[in-house]
Every structure is written in structure tokens, then in C-alpha cells.
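# Report on the structure
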Amino acid sequence: MRVEWYKKTLLNIHFDHHVGPNTPVGGGADPDEIASLIAPVKPGFIQYHSKGHPGWTNYPTSLGGTPPSLVKDALATYKKASEKLGVKFTVYYSGLKDEYAAREHPEWRRRNVEGGFIGEDVLCPNSGYVESRVLPQLKEIIEKYNPDGFWFDGDCWSVAPCYCDSCRKMFMSIHGVEPPKNPQDPLWKAWMAFHRKSFINYLRKCAEFIHKLNPNCLFTSNWSFTMRMPDEPLEFIDWVSADISPTHGPLQASFEARFLSTRGKPFDLMTALQAFTWGNTTPYPKYPIHLFQEGAVIMANGGKWFIWVNPLEDDSLQPSHMRTVAKCADFAYTRAEAFEESEPYHEVALLHSALNFYETGNGLYDYGRVLDPLRGAHKALQELHYLFDIVDEKTLLARLNSYKAVILTEQSFIDETTVEALMEFTRGGGVLIATGKSLVNNVDKALELFGLKHLEFNAISRGWIPFRGEKILINKPWHRPLLNEAVQILPLSTSEKEALDSETTAASMNKYGSGRAVYIASDIFGAYWFEQYPKIREIIGFILDHVVAKSLELEAPPTVEVVLRRKSDSLLLHFCNLSVYKDLSGNSFYVEDIPPIKGLKFKLKLKKKPVELRLIPPESSIKWRYVSNILEAELEELKIHSAVKICF
Ligand SMILES: [Zn+2]
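Residues numbered from 1 in each chain as written. Predicted model: local features only at pLDDT ≥ 70, side-chain atom pairs only at ≥ 80, totals over all residues. Heavy atoms only, no water.

Turning our eyes to something else, we now look at the overall build of the protein. Helix and strand counts for the protein stand at 17 helices and 30 strands. A globule of 648 residues ought to have a C-alpha radius of gyration of about 26 Å, and the protein, at 26 Å, matches this closely. For the protein, the C-alpha atoms occupy an extent of roughly 75 × 65 × 45 Å along the three principal directions. Counting every position in the protein, which comprises 648 residues, the buried fraction comes to 60%. A fraction of 73% describes how many contacts in the protein between residues 6 or more apart in sequence connect residues 24 or more apart. About 24,600 Å² of surface is accessible on the protein, with carbon and sulfur atoms providing 51% of the total. Considering the protein, the positive charge centre built from 73 side chains and the negative charge centre built from 79 side chains are found 3 Å apart. (Helix = DSSP H or I, 4+ residues; strand = E, 2+ residues; numbered from the N terminus. Rg over C-alpha atoms; globule rule 2.2 N^0.38 Å. Buried < 20%, exposed > 50% of the residue type's maximum accessible area, 1.4 Å probe, protein only. Contact = heavy atoms within 4.5 Å. Areas by Shrake-Rupley, 256 points an atom, 1.4 Å probe, with all protein chains shown as cover. Lys, Arg positive; Asp, Glu negative; His and termini not counted. Charge placed at Lys NZ, Arg CZ, Asp CG, Glu CD.)

Now the structure itself:
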């Protein structure tokens, strides 16, 4: 298996350098100096650019795009540095974004519905660009530098409906008509599916080409098969990778990692050494603790930590930047035992159905509001300290019996087999919680499951939940359920006046077989994500606690992320402290201080008495006892990350 070496890595470095025609490429790059600055980091591999989005190359290419200002072959220099360090070397390659090629070959560019070009640098995988430029360039790079892997960028997130001649002809040959011009057209879904298929064909073509030239060379594509592309990861993808927001990444890292850690492929998430908003603020280096928070969440959730470093214009490295990366490495390696290969051991599944995603989003790799219900559910569950995974339908079916509860957050279109399996799961004692328009495609089954007579969609434009002495507005459309066997858990009022009674139901619970099915009549998770109002999370917690018997009770602020993973002879309970001491207004995303949490107490249900509890790293102390199948423990202090290794 070519990916074995990758799986043994923990922290790796990406050196990012998008060059232009005037960049003094490689001018300051010395392999000895680079190697000596990287050495203290002990990365598993380093990665350097071959071609960035502007299309100019970081090495002399025979295919066009060598910057006239290139001083030295920087790709060769970084490769040489990797050899001096004795570490693997992977290559960044901008795939479907290439401004140089777009200028040289307008016929390769994506076209909009009017026939105009899309963007300045976005290319179509069906245009001939791949065969004429990408594959020959990959061959050139493999022959000259023999890398251990390729990391493609500018890929799934650049895909847009393309009306170039090739795409139109290909679509017509399948469907017999011109591509549709707007989303109202009945063929629009087929048009989106055509572009998804074109993209996957492009990935496959590149991956198979690389693997044929060097069967040991890995292939991945930035963001492919992450939350924005929930298709089943295909065999040619060796690992999954994504560069998360360069501002403050722990929440997004957790959102992605909880999905990726269930997908059967090794993965990493990339955090930028310098913080900035895409294309706006100046990228100043983060404080090490800022990076530690990000790395902790990634590694605790089973990912590898990929750190994005910008070399200077002349490809030399900034010593202070590399000292920060070395601190990150210390942080990671002192916890290495806690991050050894393991699998999530969680009890709640949050379903992310690809079918629903492509049906309700823009039909492509949409990272917009279509994911808000999942983002809100993720954030609420994280803050409520639930032990949970995000899973696609296939994983859900495979692991269903290991979960106590399944949450459907606006999952309207899911496969018939999954619906049947969920009914069986609930009948057999499981807990099913669904919001708003979940299962709308199977409304009869939904009514049966949730014990409802009738469900009137969008009956109320917004509603208030009377909760702990006040009324909390959920500013979303509400559906009106008519209860049959179900009982009300929370009422809903259509008036903000606290003196007025409620007229309908916000959440209901039905005993179905030996399990329970809860219906929440609005997109409450989407509302939580949009509003970020903590009392909405309290309501969510109230509903969940009503039906889910949690295995973990944690006395800690909502800013503690908890992850439970298992190995053959032990469990690893990770605590990540995501709090920050600061004002949150404006572009305030630098972390300069993290308040430690004192006296973190937890109770974990365990069938077997542990032999030993060990803190990784041993920077605090833990007291514990085991009584009636419950492990009760108190961690003296949580700084940024601690793992409790529970040995049996
Ligand atoms: Zn096209």
C-alpha cells in the first residue's frame, strides 16, 4: 500500500508560493539552509509548489509558463532539502486554475451561459487542457523530481457549470438536447450531475496517470471528498486533504474532521501559519497557541496536521516562522502516543447525505448556506459535549448499530434503504431526531415514525419557544404537526408576548417500537448557526437530553471539545480547550491567550474497570475512581489539549 508511509506521519509542512512573471523564483533558496531551518520540525514530508494559480511555474518547464525572472529551480531546491532531511517530498499543483494557460489557450476556459469567460483563470476539464497541458506537465515533474505525492489545488471549489463547446456537445450526445440555461429547467439536475461526473473523471484521469508513471506516488485534491463533496471517496484518492480558513480554524477543523475520520481514508487538514481573511487582511504570523488549538482539534479527531508556510519572494525561509513551526512540532510530538492510529468511538451520528446535499444545494461542491443546518448541529453537539460523528449514508448503514442516536438535520432526500434502516433502528431501541423538512420525500413514513397525523409545511413564518421563563424566537419557518401518538416536548407560540399561551408544537416525541423518534418542526440547527445565540443551543440540549442517555457527563464550559477514540487495548478521551481571552468584534481572530480550565470533572460509562488512566502529556494530574460501571475523574487543569488514555 503506497499510502502506508503517509499514515505514519503526524505533522507535515506545505510551502506555498504562487509566483508571477516578476518573481525572483528560487533566488534566495539554498538547500542546506532550508534543510537546517526545517530540521527541528521533523516533519513526515514537506511539500512545495510546481505551479500556482497564476500558472507560472516554480521550476523551468518545457510547457510554457517559466517566469522570465526565475533565478533558480526552486522545486529542485526544496526536493534536495527533503533528501538532506531524509523525509518524503510532495508537490503542489494548481489543477483547474491556471491563468497563464487561460491566456494562452482561451479555448480551455470555462464559459458561462452567455458564452463569456468565467473568471480569469478557471479551466474546463473537458476542453483538452488536461490532455494537452496537465498530463504532460505531470510527466515532466515526475521524470525530473520523482515526488512521493501530488496535492492538487483549484479543483472542486472552482467547478462551475460550463457552456464551452466540449461540454455542450458532450451533454447533447447524452441527453439529445442543448444544456439547460437556468435552475428551473427540468434538466438542470442532470446538467449539474454532468459537471460532477466531469470533475471526477478529471481526478481519475490525473490520478491514474500519476499512479501509472509511479505506482508509489500519492494523489490528493484539495477539498475533494470533504463536507462539500460527500461522494464516496474513490479508490484513486490516496488521502483526503483541505486547507481550512486561515483565521481561527478549530471549529471548521472539527466540522471537517468528524466527517473525514469516518470515511475510510487517511486525511489531513491544513492550517496557515499566518492568519488572514481570504485576500484581505495582512497575513501576520499566528501566536503558537493559536496554531496549537487548531492542531489539537485536527489530531484529536484522527487527522494529520498540515502546516502552511509562506516562503519569502526569493524562496528563502523566515527563521522566526520556522521556529513557530518547530514549537507546533513539539506540541504534536509530546502527544504522539495520543494521536496514534485509532477510530472514533462515538454514540451520536449526524447524517450528511450526498443525495440530499446535491439536491438541496447548488448541485455542485457548495460550501454555502446549504451546510448551515449541519454546521449548527455540529456546533451545538460539540458545545454540549456529545460524542458524535458526521457520516454519509453508506457509513451510517454500516455503523448504525453502534450508535445510540441519529440526527437528521434538514435531510429531506435520503435513500429509501436508509429510511427503512432508520425505522428498523428506532423500532429496535434507537433514538431518531429529525428537524423541519427531513424525510419530506417519504412523508408517510415520517408521519408513522414521528407519531403524527399530519404535517403542514411552512405554516408559520417564525415562532417563539417558551423556555425557562422567557420566549426564545426561532426566526425560521415552522411546520405545524398534528400529533397522533406523539407527545409534546416543547410548545411553540406564534406571538412574542410572554403572557400569551402557545398554540402549537415545537418538538414532539413518539415511542416507536422500543425506541423514540423526536420531531423538531423547524430548522433549529440552521437557526443556531445563523444566530449563534446560546439559548438556542440550550433548547437543543434540553430536547436531546430528553431522549439520549449520554455516556459522558462533562462539567466544563461549551468551549471544550471532547473526542473519544478507541484502540485495541485502550480508549483515548481528548479534551481541547478552544476558549480565548479577548474581544470578538471586527477582524478579531488572533489568539494571544488561552485561559486554562481548572478542575475538569467527567463521568464516563464503562462496562469494564480500567487498569490505569494516563494523561498525555503528563502536564497535569488526574484523580479517578470506578463505581458501578462509571468512571468518575477529575483533571486538575486543562491548558490547550490533554488526552486521557484509559487502559484496560
Ligand atoms: Zn466546458
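Picking up after the structure, the text goes on.
Coordination sphere of the zinc ion, protein contribution only: C124 (SG), C162 (SG), C164 (SG) and C167 (SG), at 2.3 Å. Around the zinc ion sit 4 donor atoms, and with donor-metal-donor angles ranging over 98 to 117° the site reads as tetrahedral. Of note, the zinc ion draws all its donor residues from one chain, in the sequence arrangement C-x37-C-x1-C-x2-C. Of the residues examined, C162 reaches a relative accessible area of 0% and is grouped as buried. Given a relative accessible area of 4%, C164 falls into the buried group. (Donors = N, O, S within 2.8 Å, 3.2 Å for Na, K, Ca; no water. Tetrahedral: all angles 85-135°; square planar, octahedral: opposite > 155°, others 65-115°.)

Once that is clear, we can look at the sheet that holds strand β13 (residues 388-391). Strand pairing in a sheet is mediated by backbone hydrogen bonds. Such pairs are either parallel or antiparallel. The strand order across the open sheet built from 7 strands is β13-β12-β14-β15-β22-β21-β20, with neighbouring strands paired in mixed fashion. The strands lining the two open edges of the sheet, one partner per strand, are β13 and β20 (487-492). Each adjacent strand pair in this sheet contributes to an overall mean axis angle of 15°, direction not counted. By the bridge criterion, 5 bridges tie β20 to strand β21 (residues 504-512) in an arrangement that is antiparallel. In the strand pairing of β21, L490 is matched with A507. Relative to the sheet, helix α12 (residues 372-383) contacts β12 (348-351), β13 and β14 (405-408), its axis offset from that of β12 by approximately 165°. (Pairing = 2+ DSSP bridges. Axes fitted to C-alpha atoms, helices over the stretch in contact; angles between N-to-C directions.)

So, about the environment of R480. With respect to the secondary-structure elements, R480 resides in strand β19 (residues 478-483). Remark: the alpha-carbon pair of R480 and W624, spanning 144 residues in sequence, is separated by 48 Å. Each residue touching R480, except ones within four places of it in the same chain, is listed here: H454, L455, E456, A459, I460 and T504.

On to the layout of surface pockets, then. One number sums up the size of the largest pocket: a volume of about 960 Å³. Lining the largest pocket are 27 residues, and of these H248, P250, L251, K379 and L584 lie nearest its centre. The set of elements that each furnish at least two residues to the lining of the largest pocket consists of α8 (250-260) and α12. Broken down by class, the residue content of the lining of the largest pocket amounts to 12 nonpolar, 11 polar and 4 charged. Approximately 700 Å³ is the volume attributed to the second largest pocket. Considering the residues around the second largest pocket, the lining is formed by 26 residues, among which Y345, L564, R566, L571 and K607 are closest to the centre. Every element with two or more residues in the lining of the second largest pocket is listed here: β11 (343-344), β24 (560-566), β25 (570-577) and β26 (597-605). By residue class, the composition of the lining of the second largest pocket is 9 nonpolar, 6 polar and 11 charged. (1 Å grid on protein atoms, 1.4 Å probe; cavity = no way out; pocket = protein on both sides within 12 Å on 5 of 7 lines; lining within 4 Å. Points joined across faces, edges and corners; volume = space filled by probe spheres on them. Nonpolar A, V, L, I, M, F, W, Y, C, P; charged D, E, K, R; others polar.)

Turning next to the nonpolar core. Soluble globular proteins: nonpolar side chains tend toward being buried together. Counting residues in hydrophobic clusters, the biggest one holds 180 residues, and the most contacted among them are F150 and W305. With 11 residues, helix α7 (residues 188-213) is the single largest residue contributor to this core. Core analysis: the next-biggest nonpolar cluster, separate from the first, contains 24 residues, L573, I597, L606 and V644 among them. (Core = buried A, V, L, I, M, F, W, Y, C linked by side-chain atoms within 4.5 Å.)

A full pass over the atoms with the stated rule returns 40 salt bridges. One salt bridge connects K79 with E83, and the closest N-O pair in it is separated by 3.8 Å. With K79 and E83 both in helix α3 (residues 74-85), this residue pair falls 4 residues apart, about one helical turn. Its salt-bridge partner being E470, residue K535 comes within 2.5 Å of it at the nearest N-O pair. Here K535 is found in helix α17 (residues 534-547), whereas its partner E470 is found in strand β18 (residues 470-474), with 65 residues between them in sequence. For K535, a relative accessible area of 27% corresponds to the partly exposed category. Residue class for E470 comes out partly exposed when judged on its relative accessible area of 26%. Each member of the salt-bridge network shares a partner with another, and the members are E337, E612, R614 and K645. (Salt bridge = Lys/Arg side-chain N within 4 Å of Asp/Glu carboxyl O.)

What follows covers the packing of aromatic side chains. Two measures describe an aromatic ring pair: the distance that separates the ring centres and the angle between the ring planes. Going through the model one piece at a time under the given rule, you end up with 31 aromatic pairs. Seen in terms of ring centroids, Y358 and Y365 are 6.2 Å apart; in terms of plane orientation they differ by 80°. Their pairing is edge-to-face. Y358 gets classed as buried once you look at its relative accessible area, which sits at 8%. Judged by relative accessible area, which is 4%, Y365 ranks as buried. Among the aromatic residues, those joined into a ring-pair cluster are W5, Y6, F45, Y92, W151, W239 and F306. The positively charged end of R258 is found above the aromatic ring belonging to F388, 4.1 Å away from the centroid. (Phe/Tyr/Trp six-rings, centres within 6.5 Å; stacked < 30°, edge-to-face > 60°. Lys NZ or Arg CZ within 6 Å of the ring centre and 35° of its normal.)

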